[in-house]
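Summary of structural features
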Amino acid sequence: MNWQLARQFPSLVWIMILGVFFSRGTFFMVWPFMAIMLYQKFNLNEWQVGLTMTLSAVSAVLVGFYAGALTDRLGRKTMLLTAGVLAVLAFSLLAVADQVLLYAICMAFCAISREIWEPPAKAIISDMLPSSEMREMAFQLRYFSINVGAALFPLAGVWLGFSGQQHTFFAVAAVYLLLLWVVWWGFRRPSSPKTAAASIVPLRQILTVLKQDKLFLLLVAANTLVAFVFAHMDSSLVQYLSREGLDNVVQLVGTLIFTNGMTIVCFQFVMVRLMQKRSLTHRVQVGMVLLTLSQLSYALNPVEWYWGWIVATFLLSLGECVLFPTMNIQIDRIAPPNMRGVYYGAAAIYSLGFATAPYIGGLLLKAYGGPALFLCTSFCCLAVFVLYQQVRRAERQALQLSDGPLENQG
């Protein structure tokens, strides 16, 4: 990894990288404890908690798909500021909500704001950095920042007594308010992208282009299953542990989140260095082996053995630090320059994995228990291996037709 490249990043790219450190950090200080809050405050059962979280996430995915197209039409700045305002309002209302319906609505708007934010933030990185090496470096740093925040903020919240407390949502709203100002300032800098008249591409034409891109569709299907598996750590696993009567469950959840973030902080660039000469598909295969081992460990670990949960989370996190940056790099390499917002928005369909996991996980927990749930996610990992065999075939077909940007993926 060439760290000298980072010095060449424009200020707006750094805002996209460092902004997620504070916004996601404070987000993770409260969001993983949402299942506990819904259970303790409203006495909801497993599937009700899962349904509440799933509905909010599904609504965000549906909005996020079209947000990508709007990013190319209305401009990056407009979409980022819209997402920020929505986040401030939603998190502020969550801090005072006292009804399940209001909770669900606010959770939906929080998730929607995130889906609106992601396509223009990623598109800015792709727009402003000329080489694929610089863009890969930026996406790695952005994911690194997310996980530094995810590691430090939840643990600090536990120590300060904030985690699991409703009023902490005010802190998230304040961070997004500050981020709004920084984004506005960043677009006033001389290096910021200038708004140009965007060509209006009909939604039907967008859907036709995406439908014909077999490689893109296979990647979305595989990434959806990956997201589905990962999402159970923040939802189903938390429910499973909180309902087993463990002592200090909030502290254990905070420790697992800290383990997740710090593993990525310590090992992400080590794994990048080890994987840099490997194809993207091979990187995914290594990540999936680690992810499969983590799910089997969750399934077989005795509930009362705290270190077992930590070791399993460590394996999951190693897989994560390989998989998620690779997913962004894959989309960057196959997206046409004039449709980056569209592709990033459409790629967000994989968030359906995150969206459906709480509900499906809640149903499986209630019917069969935690071990059965994590055995199911282990089988999902095997399905991803099969899909990536199809991805390799699609890459080879693309290479036969063109010597374009796919040449380094196979």
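Residues numbered from 1 in each chain as written. Predicted model: local features only at pLDDT ≥ 70, side-chain atom pairs only at ≥ 80, totals over all residues. Heavy atoms only, no water.

1. With respect to helix α5 (residues 100-128)
- Taking 1.5 Å of rise per residue, 29 residues should cover 42 Å, and α5 covers 43 Å from first to last C-alpha, within 8% of that figure.
- Summarising burial for α5: 21 of the 29 residues are buried, a large majority. (Helix = DSSP H or I, 4+ residues; strand = E, 2+ residues; numbered from the N terminus. Expected span 1.5 Å × (residues − 1). Buried < 20%, exposed > 50% of the residue type's maximum accessible area, 1.4 Å probe, protein only.)

2. Things to note about a nonpolar patch on the surface
- On the surface, Val289, Leu293, Leu296, Leu300, Leu375, Phe379 and Leu382 cluster together into a nonpolar patch covering about 670 Å² of accessible area.
- The set of elements that each furnish at least two residues to the nonpolar patch consists of α12 (280-300) and α16 (370-401).
- Of all the elements, α12 adds the most residues to the nonpolar patch, at 4 residues.
- Relative to the assigned elements, Leu293 resides in helix α12. (Patch = residues over 30% accessible without salt bridge, like charges linked within 9 Å, V, L, I, M, F, W, Y side chains within 5 Å. Areas by Shrake-Rupley, 256 points an atom, 1.4 Å probe, with all protein chains shown as cover. Salt bridge = Lys/Arg side-chain N within 4 Å of Asp/Glu carboxyl O.)

3. Description of the packing of α12 against helix α13 (residues 306-334)
- Two elements in contact, α12 and α13, have axes separated by 8 Å at closest approach and are oriented at 150°. The pairing of α12 with α13 is recorded here as roughly antiparallel in orientation. Crossing of α12 against α13: the hand is left-handed.
- Here the contact of α12 with α13 is built from residues that sort into 15 nonpolar, 8 polar and 2 charged. (Axes fitted to C-alpha atoms, helices over the stretch in contact; angles between N-to-C directions. Parallel < 35°, antiparallel > 145°, perpendicular 65-115°, else oblique. Left-handed = near helix turned anticlockwise from the far one by under 90°. Nonpolar A, V, L, I, M, F, W, Y, C, P; charged D, E, K, R; others polar.)

4. Side note on the environment of Gly319
- Mapped onto the elements, Gly319 comes out in helix α13.
- Sequence spacing of Gly319 and Val289 is 30 residues, and the spatial spacing of their C-alpha atoms is 7.6 Å.

5. Focus on empty space enclosed by the protein
- In the structure shown here, the tally under the stated rule is 7 cavities of 30 Å³ or more.
- Counted as a void, the largest cavity has a volume near 1,100 Å³.
- Looking at the largest cavity, it is lined by 45 residues, and the ones nearest its centre are Arg24, Phe28, Arg114, Asp234 and Phe354.
- Those elements that place two or more of their residues in the lining of the second largest cavity are α11 (249-275) and α13.
- Considered class by class, the residues forming the lining of the second largest cavity number 5 nonpolar, 2 polar and 1 charged. (1 Å grid on protein atoms, 1.4 Å probe; cavity = no way out; pocket = protein on both sides within 12 Å on 5 of 7 lines; lining within 4 Å. Points joined across faces, edges and corners; volume = space filled by probe spheres on them.)

6. Digging into the environment of Val250
- By secondary structure assignment, the location of Val250 is in helix α11.
- On the accessibility criterion, Val250 (23% relative accessible area) is partly exposed.
- Through-space distance from the C-alpha of Val250 to that of Ile36 is 8.5 Å; in sequence the pair is 214 residues apart.

7. A look at the nonpolar core
- Residues Phe9, Met16, Phe91, Leu94, Val226, Leu237 and Leu291 are the most contacted members of the largest nonpolar core, which totals 125 residues.
- Each residue touching Met16, except ones within four places of it in the same chain, is listed here: Leu80, Trp117, Ala121, Ile124, Ile125, Arg142 and Val183. (Core = buried A, V, L, I, M, F, W, Y, C linked by side-chain atoms within 4.5 Å. Contact = heavy atoms within 4.5 Å.)

8. Focus on the confidence of the model for the protein chain
- Summing up the model confidence of the protein chain, the mean pLDDT is 78 and the portion of residues at 70 or higher is 83%.
- Within the model, pLDDT remains below 50 along residues 195-200, and this stretch shows 3 contacts once partners closer than five positions in the same chain are excluded.
- For residues 403-410, every residue scores under 50 in pLDDT, and the model assigns this stretch 18 contacts once sequence neighbours within four places are set aside. (pLDDT = per-residue confidence, 0-100.)

9. Focus: the packing of aromatic side chains
- Here the structure, examined in full by the defined rule, presents 10 aromatic pairs.
- Plain terms: the ring middles of Phe144 and Phe269 are 5.2 Å apart, the flat faces sit at 55° to each other, and that makes the pair tilted. Taken together, the residues span a long stretch of sequence, with Phe144 in helix α6 (residues 132-160) and Phe269 in helix α11 at a distance of 125 residues.
- You can call Phe269 buried: its relative accessible area is 15%. (Phe/Tyr/Trp six-rings, centres within 6.5 Å; stacked < 30°, edge-to-face > 60°.)

10. With respect to the side chain of Ser294
- Within the secondary structure, Ser294 sits in helix α12.
- You can call Ser294 buried: its relative accessible area is 0%.
- Engagement of the side chain of Ser294 in a polar contact is seen with the backbone oxygen of Leu291, the distance being 2.6 Å.
- Of note is the side chain of Ser294, whose polar atom sits 3.2 Å from the side chain of Gln295.
- Residue contacts for Ser294: discarding those within four places in its chain leaves Ala312, Leu315 and Leu316. (Polar contact = N/O pair within 3.5 Å; in protein donor to acceptor, adjacent residues only side chain to side chain.)

11. Observations regarding the pattern of salt bridges
- Here the structure, examined in full by the defined rule, presents 4 salt bridges.
- Between Asp127 and Arg76 there is a salt bridge, with the nearest N and O atoms lying 2.7 Å from each other. With Asp127 in helix α5 and Arg76 in helix α4 (residues 76-94), this residue pair connects regions lying 51 residues apart in the sequence.
- Where Glu136 meets Arg283, a salt bridge forms, and the shortest distance between an N and an O atom there is 3.2 Å. One end of the pair, Glu136, is in helix α6; the other, Arg283, is in helix α12, with 147 residues separating them in the sequence. Side by side, Glu136 and Arg283 carry an identical accessibility label, which is buried.
- Taken together, the shared-partner salt bridges in this structure form one network comprising Glu118, Lys122 and Arg142.

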